[in-house]
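These are the residues of each chain, in order.
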Amino acid sequence: DIIFIESCNRKRSICTLNQCYETWETLETLFQKLSTPQFAYPNQSFIVNLDDIRCEKMNVIIMENGKEISISRNCLKSFMIALHKYVSLKKWLEYRMWNHAIYWIGALCNRIHHFVAVFRVLSRKKKIQRLVVLDGCIDGLRYFIWNKPI
């Protein structure tokens, strides 16, 4: 995972958590190869991974590895827009994934509840009582998800 790319003395250093790699490619070429909203320019010498920003204060960002990178006046507006768009997109995707997971858990609970009800009807003749515990667990899970009793 790339934390940042730094341009220094005509070389570009691609820094990860463990190591730095050097290349002669331009920052613009590297930025185009990344082609994701996860990366942005805080100044003309850096491309940073927005996921690896620990904090931002007074036109300086601090990366996860402790590196402090200044945000230039020329790049400030576009960088902050990119950062806020990325954070908003990330929160929206997490929200959608959570809602999707809750939907499928609910659907699974409904299927299991239906199965238990059908099995209970079919097993009344044999007097099987073990499904009461499973049925109670499903009702508890449904109550946890939708905050209402069945």
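Criteria and thresholds
Residues numbered from 1 in each chain as written. Predicted model: local features only at pLDDT ≥ 70, side-chain atom pairs only at ≥ 80, totals over all residues. Heavy atoms only, no water. Phe/Tyr/Trp six-rings, centres within 6.5 Å; stacked < 30°, edge-to-face > 60°. Helix = DSSP H or I, 4+ residues; strand = E, 2+ residues; numbered from the N terminus. Buried < 20%, exposed > 50% of the residue type's maximum accessible area, 1.4 Å probe, protein only.

Some points on the packing of aromatic side chains
Scanning all chains against the criterion turns up 2 aromatic pairs. A ring pair is formed by F31 and Y41, whose centres lie 4.8 Å apart and whose planes are at 40°; its orientation type is tilted. Taken together, the residues span a long stretch of sequence, with F31 in helix 1 (residues 27-34) and Y41 in strand 4 (residues 39-43) at a distance of 10 residues. F31 sits in the partly exposed class, given a relative accessible area of 25%. Assessed through its relative accessible area of 22%, Y41 is described here as partly exposed.

Some details on unusual backbone geometry
Here R10, not a glycine, exhibits a phi torsion of approximately 65°, which is positive. Residue placement: R10 occurs in the loop between strand 1 (2-8) and strand 2 (11-16). What makes R10 exposed here is its relative accessible area of 70%. Its identity as a non-glycine residue notwithstanding, N59 has a phi of 60°, on the positive side. Tracing the backbone through its elements, the reader meets N59 in the loop between strand 6 (53-57) and strand 7 (60-63). Using a relative accessible area of 36% as the deciding quantity, one classes N59 as partly exposed.

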